[in-house]
Structure formats: structure tokens, C-alpha cells
Amino acid sequence: MLKIVPFTRDLVLVGGGHAHALVLKAWGMNPLPGARLTVINPGPTAPYTGMLPGYVAGHYASSDLEIDLVRLCRHAGARLILDKVVNINQLQNKVMLAERNPVAYDIASFDIGITAKIDLPGFDEYGVGAKPLGLYARQWNDFFENVKQGKLSPNVAVIGGGVAGCELAMAMAYALHAVGVTPKVTVIEVGMQISGVGGKVRKKMLMAMNALGVVVKTDTRVLKVCIDKVILDGQDPIAASFCVGAGGGKAHKWISQTNLPQKNGFIKINADLGVVGDSALFAVGDCAIMENAVRPKAGVFAVRAAPILHQNIRAALNGGIRKKWRPQKNFLKLISLGGQSAVAEKFGVTLTGPFMWRWKTHIDRKFMNRLVDLPKMLSPKISGETAIGVAEMLQANPLCGGCGSKVGRGILSGALKNVKKPSNNVVMGIGDDAAVLRHSGGEFQVISTDHLRSLIHDPGLMTRIAVVHSLGDVWAMGAQPQVGLASIIVPQMSEKLQARTLLEITQVATEVLNASGAQLVGGHTTMGAELTIGFTVTGTKKSTPLTVAGAKDGDLLILTRPIGSGVILAADMLGQAKGCDVAVALEIMGQIQNREAVILTKKAHAMTDVTGFGLAGHVQEICNASGLDAELWKDSIPIFNGARALSDAGVSSTLMPANRADSPVEGIDDALLYDPQTAGGLLAAVPESQSESIIKALAEKGCSGHIIGKLKRGAGLIRLS
Ligand SMILES: Cc1cc2nc3c(=O)[nH]c(=O)nc-3n(C[C@H](O)[C@H](O)[C@H](O)COP(=O)(O)OP(=O)(O)OC[C@H]3O[C@@H](n4cnc5c(N)ncnc54)[C@H](O)[C@@H]3O)c2cc1C
């Protein structure tokens, strides 16, 4: 019998820096049974900054240097929370987040790097730090495009003449030269010379900068950053339409407001990487300082510390023995010089040229490949005898998260066909989105229930999506959400972890239901094999609720959300989806649809929400119930980023073939039409004359709406053109 190991300890990794990325890889290969892993990072990817200058110079694509934390977390069985830690309560073992509720830990580790933001007047408005990569890359690309189109002058100021600042200055100058622009790039350094390197390397770097026309101003202090210049202390201003901060490693400000032991904002650690005076905490990489072995802020140390961190985190969780880390004194510096050339330095020996660039690229790509090459998720193997059909079922894809592991429509309708028609005050029973009761006062009450098997390891986000998914039926009927009752299965875990998990679920459920105008009024919880969260929800409506029937010949179909979430989640489970696509899809799935529902309800003849049967299946329901045909317009149907490529590559959710068989569409063959959705968009049939004003009204409220097709007289045929 399969034994399920209960969770007893929470491990929280704060920041997706280099060391944590490597710990995630190692953890996935050999997870510690009983430890529940959470990672908190502001974005779905973390940059490998060593390749940043090469990206800016145009030698790499942005995806080459993005560490995909979503994939790594899937591999490690970890939940990823996209947020920032802003404080820590060491007495209560909790980290505080900017946007979400606090997260409790038994063991936590910090690998949050440093900030490249500079404390100067005007920097926040007109400057950008070399980190975080996303922001810097966006602003650099905007500037680059504007310069190419002659809209901005190619003047760049880099504040900070360390290795990073000089590398970036050369990379930007190289990129601008490459498009035929003669740039004016200035590196401004407060010290007497560019820092972080020995004399020979400095000379090579200055020669390379000179060749690219990069000016280096040493012994110079910046006072202020303006829209088109930087103001210097006692010198003429420097023209700058783009100003980058690379001013040496500054610790994140929030650390100084905590009780963590620190020096200049860097967290003090012992030789075992444990935070001084707190056996539950670790810190590593740029954010940490080991006072008896202070080293420069370089990624190489975060990388080298990773195996020791992994070992010591496990020791802290299982009562084992911690190892000591002895950081090397000398390390290989490979500095890119703008073009495909680099200078290398170790033990005072210096080498320069294209070969050094190839060597650097080889090392950088090798590092990234370690984090990209993750083993494939294998179906469970069962040895010995099995009943007929077991092997075939296990050989298929693992139980898919794309459709929330729903059962196909054909199977369901077969099971329900003998259920008696409801009577008395039940206006609507099986067949539409929800049951509808009519109360004695004439008001209607909509009742629906839905639950989701864990698509992701995050109970908070799962709860958000499950509430939205359940409320979809209430919104689709034009009712006002009223109450919700939770139905929760949590995996087996210690009482302490149960309390943490249920607190998180109820907090999120309350928040989302309240934001929708409803209340959480109860529920039921059990322990089981895996996290499953569901809600029974009710809504009220004074007039007859909208149904799938009632659409008219000539109505246009409006859809409020992209399709393709099933493909993305199925690919995510297989480790094939891009983390940023998964993150965007999950974020949209977790958004409530109150405003959309109110706007559509006023004008719609029929409405439903797109869920398990896929877009085609739900259009089919409207067509069947309203006696119409539908024509869908392929280019007008919104699709989640990444879903098209995955679908074309043959990825699909387990339920897709059953959906296709139930609601085949004529014309163009597109598997995405049958892709089951979780917390999908509202689909409304509206009079053509009203359609544009509805789209405008949705846009005014910050909601999206897409006219995706037309209904006409017929007998339930759907065609994609
Ligand atoms: C242009 C440039 C080039 C460089 N080139 C090299 C090089 O060639 N070789 C080298 O060794 N070093 C290089 N460095 C230095 C190197 O980038 C850093 O030393 C290295 O990234 C540090 O790694 P880390 O793991 O400490 O943190 P990081 O890689 O900085 O990762 C920190 C992560 O934590 C996240 N985070 C931040 N705050 C929070 C928070 N409050 N809550 C949750 N998450 C948070 C961040 O978003 C990020 O994902 C370069 C730096 C720059 C700027």
C-alpha cells in the first residue's frame, strides 16, 4: 500500500537567488519526507546576472538568463508565492509579506541579494537599478527603441564604477553602436578608480571602454538625477536620457527594521550559514555577511554555498549535523567587454580576448543548464500483479491538473440521467450552471458547488482560484453572491501545520468572498491524500436568473477571459510550461468577476462561465438550449500566453479528447476550443447593437471583454472560421 508521509515541518526559502535555485534542484532530486517547502520571490523568474551584460549587448535572449522558479518549484514539490518579504517575527516564526498574509516557518533561509537602487534625489523617478532584471530590461529596451527611432538622444549615465557598472556601460555602448548610433555613455565613480579588480584588469577594462567611447569619471559624486541629466558635485552636469544605478552592494532597507543580527543591513551568519543567534534561520549570498570571512558580493559565493546550505537546512529539519563552509579567497573573474570578448583574472594572472568570452559563455550556460535540465515527471511504477488496464492508465499522462481532474461530460450526464426532475420551489435543477430556488417572497436563490484538486502546492492561491471557480456559476446567472461554505481536504500533517494551513485557507476564502459581496459561513474539513478545496456558494437575484437558454438569432458572444489555462496547467505539471506563463494564468484565474457579471447581466440574453467542457462545450450548451448555431472567430478568441505554442506542440489536458468528442466544431481544427478551464471567463450572448457599448463599459472598469463569434438560427452546430 502507498504510504503517505505526513508533513511536520515548514521550510520557507525567501528569495529565489542562486543558492536557493540550486537547493530547489537538489531538493527535487531528493526531497526530505515530512518537510513542506515554500519559496517566496517577487516574480516567477530570477535573473542570472552574470549573463545580464551579454543580454544587454544583444548576445543572449532574455530567456537565456531567467531562472524559471515556477519550473524549479514544480520539480521540488514546493509552493511558490509571488510576493516580497518585508519583515520577520522571529518570536512567532513568521515572515511578513507585502501583499499576502504572513507565512509561518520552522526553518527559513534568506537568499534575497542586494538592491541596486540608489538613495539620490530623482533616482526613483528617472533612474533604474541594474536589478531587478525585469524592470531594468524593460526600461533599457524602451530607451533603446526610442533612440533607434531618433526620439531620444543616446546619452547614458551609469552611477557606480565597479565591475557590474563598467560591464553594463560597455554592453549598452556596444548595443547602441551595433544599430549605427554613436552613444555617449558615462560611468560615474565616487572613488579614485574603477573598483573590484586588480591593476592589470582595470587597464584592460579602461582600454575596452575607451574603444567603445565610454567615458569614466572617477572622484565624482552624483547629487541628483533629472529627466535628461545627472547633476554632479562641483562639476558640469552630464546629459543622460537613461540613468542606471550599479552603485555597489546595498542591503535591502527592510532588513534594518528587523531584529536580525546585521552589519550595514547584511544579515550576520556563522560558518554553517545559520543566522547568528537563531537556529531556525539561514542566510546566504549577497544578503549575508560572515564576519570572519568577508567576501565581495559575487554570485560565485552564492553558488558555492548552495550544497552546504542544502545539507544544513536538511540537518536543521531532521536533527542532523551541520557542516561548515569555508568560502574561497580567490575566485575567477570573467568580465565581458561589450562585444564577444572578455577579460579573465585569477591569482593575478590576466587573459583577454574572444576565447575568454567563449569560456565565460560556456560557464554561464553550464550553470543555467543545471537549472533547466530537470528530470521528467514519471508516472508511478507499480511492481507485481495488477488488474487489466492499470498499466495503460498509468502510462498515460499523470492525473492532470489542467482540467482540475474533472470527469467528462458524457460520463456525468449518463450518471445523472435517472435523477428525478426536482419539484416544488426548485426552478432549475440539473443541466444549467447552478440550481435555482424560488422563495416565497419571489426572490430567486442560486446554489452551486465546485471543488478543485490541487493544481499547485499553494493553499492560499488554490483557495482564491477555487472561490472564483465556484462563484462563476453565480455570476453567470446574474445573481449577487451571498454565502460560501468551504469543503476542504488537507494532506496528512501535524496539528501545527494543519492550523497554519486552515488559517491561510479561511483567511483567503474570507477575503475573496467578501470582495465579491459574500460571506464565509461554514464548511467541512477532512484529511486525505492531497489538497482539495471546494466551495458551495449561493447567490440571490430579484428577477429570473440568466441561463444558457434565451440567446437570440444574431446575438454576439462575449468572452471575458482568455482560454488555454488547461493546457498551461497540464504542461506545468509535466515541467514543460514557462514559469511566467503559468504565473500570469494563475493570477488571472484568481481574479473575481463581479464587475464583468454586473455589466453583462444587464444586457445578456444568455450567460454561462467557461469551465470544464471548454469553450466549445459551453458555446454548445447555449446553442442547444437556445436552438441556435454558432460561428466562432478564431483570431478574436483570447488565448493565454504560451498556450498556443504548447497546444501546437501536442500538450493537452486529459479531458480535452472527451470534450472534443462531446462538442465537435466544424471548420478549422483547434484543440484549444476543447481545453477545459478552471475559473474561466464569463460567456454571454448579447444583442449585436449593444456589444460595442458592453466592451467599452468593461474596459472602463478595467475588465476585458472580447467579441468572439455570432449566433444564428440553427440546430446546435458550431463552426470555427
Ligand atoms: C551587471 C551585473 C553583472 C554581474 N556579473 C557577475 C559575474 O559575472 N559573476 C559573479 O559572480 N557575480 C556577478 N554579479 C554579481 C551577482 O549578480 C550577485 O552577486 C548574485 O546575483 C548574488 O546572488 P544571490 O543569490 O545573493 O541573490 P540574487 O541573484 O540577487 O537573487 C535574489 C533574489 O531574491 C529576490 N528578492 C529580493 N528581495 C526579496 C524579498 N524581500 N522577498 C523575497 N524575495 C526577494 C530577488 O527578486 C531575486 O530573485 C553581477 C552583478 C551585476 C549587477
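The rules behind each value
- Residues numbered from 1 in each chain as written.
- Predicted model: local features only at pLDDT ≥ 70, side-chain atom pairs only at ≥ 80, totals over all residues.
- Heavy atoms only, no water.
- Helix = DSSP H or I, 4+ residues; strand = E, 2+ residues; numbered from the N terminus.
- Rg over C-alpha atoms; globule rule 2.2 N^0.38 Å.
- Buried < 20%, exposed > 50% of the residue type's maximum accessible area, 1.4 Å probe, protein only.
- Contact = heavy atoms within 4.5 Å.
- Areas by Shrake-Rupley, 256 points an atom, 1.4 Å probe, with all protein chains shown as cover.
- Lys, Arg positive; Asp, Glu negative; His and termini not counted.
- Charge placed at Lys NZ, Arg CZ, Asp CG, Glu CD.
- Patch = residues over 30% accessible without salt bridge, like charges linked within 9 Å, V, L, I, M, F, W, Y side chains within 5 Å.
- Salt bridge = Lys/Arg side-chain N within 4 Å of Asp/Glu carboxyl O.
- Axes fitted to C-alpha atoms, helices over the stretch in contact; angles between N-to-C directions.
- Parallel < 35°, antiparallel > 145°, perpendicular 65-115°, else oblique.
- Left-handed = near helix turned anticlockwise from the far one by under 90°.
- Nonpolar A, V, L, I, M, F, W, Y, C, P; charged D, E, K, R; others polar.
- Core = buried A, V, L, I, M, F, W, Y, C linked by side-chain atoms within 4.5 Å.

Draft legend 1. Representation of the overall build of the protein chain. Looking only at helices and strands, the protein chain has 20 helices and 37 strands in total. Its C-alpha atoms give the protein chain a radius of gyration of 29 Å, near enough to 27 Å, the size a compact globule of 721 residues would have. Expressed as lengths along the three principal axes of its C-alpha atoms, the size of the protein chain is roughly 90 × 65 × 50 Å. Scored against the burial criterion, the 721 residues of the protein chain give a buried share of 53%. Look at the contacts in the protein chain between residues 6 or more apart in sequence, and 75% of them connect residues 24 or more apart. Accessible area of the protein chain: about 31,700 Å², with a carbon and sulfur share of 54%. Distance between charge centroids for the protein chain: 7 Å, based on 73 positive and 58 negative side chains.

Draft legend 2. Main features of a positive patch on the surface. Where like charges cluster on the molecular surface, the positive patch consists of Arg595, Lys602, Lys603 and Lys701. Tracing the sequence through the fold places Lys701 in the loop between helix H20 (688–700) and strand E36 (706–713).

Draft legend 3. Quick peek at the packing of helix H14 (residues 565–573) against helix H15 (residues 579–589). Contact geometry for H14 and H15: axes closest at 10 Å, N-to-C directions at 130 degrees. Here H15 runs oblique to H14, going by the angle between their axes. When the axes of H14 and H15 are compared, the crossing they make is left-handed. Touching Ser565, Ile568, Leu569 and Asp572 of H14 are Asp581, Val582, Ala585, Leu586 and Met589, all from H15. In the contact of H14 with H15, the residues fall into 6 nonpolar, 1 polar and 2 charged.

Draft legend 4. Inspection of the nonpolar core at higher detail. Grouped together as the largest cluster of nonpolar side chains are 211 residues, with contacts concentrated most on Val95 and Phe110. Ranked by the residues each element gives to this core, the list is headed by helix H12 (residues 459–476), at 10 residues. Not counting residues within four places of it along the chain, the set of residues in contact with Val95 comprises Val12, Val14, Ile40, Val85, Asn87, Ile88, Pro102, Val103, Tyr105 and Phe110. Membership of the second largest hydrophobic core comes to 13 residues, among which are Phe123, Val222, Val225 and Cys243.

Draft legend 5. Quick peek at the side chain of Glu345. Mapping Glu345 onto the fold places it in strand E23 (residues 342–346). Excluding its chain neighbours within four sequence positions, the residues that come into contact with Glu345 are Gly198, Val201, Phe331, Leu332, Lys333 and Thr350.

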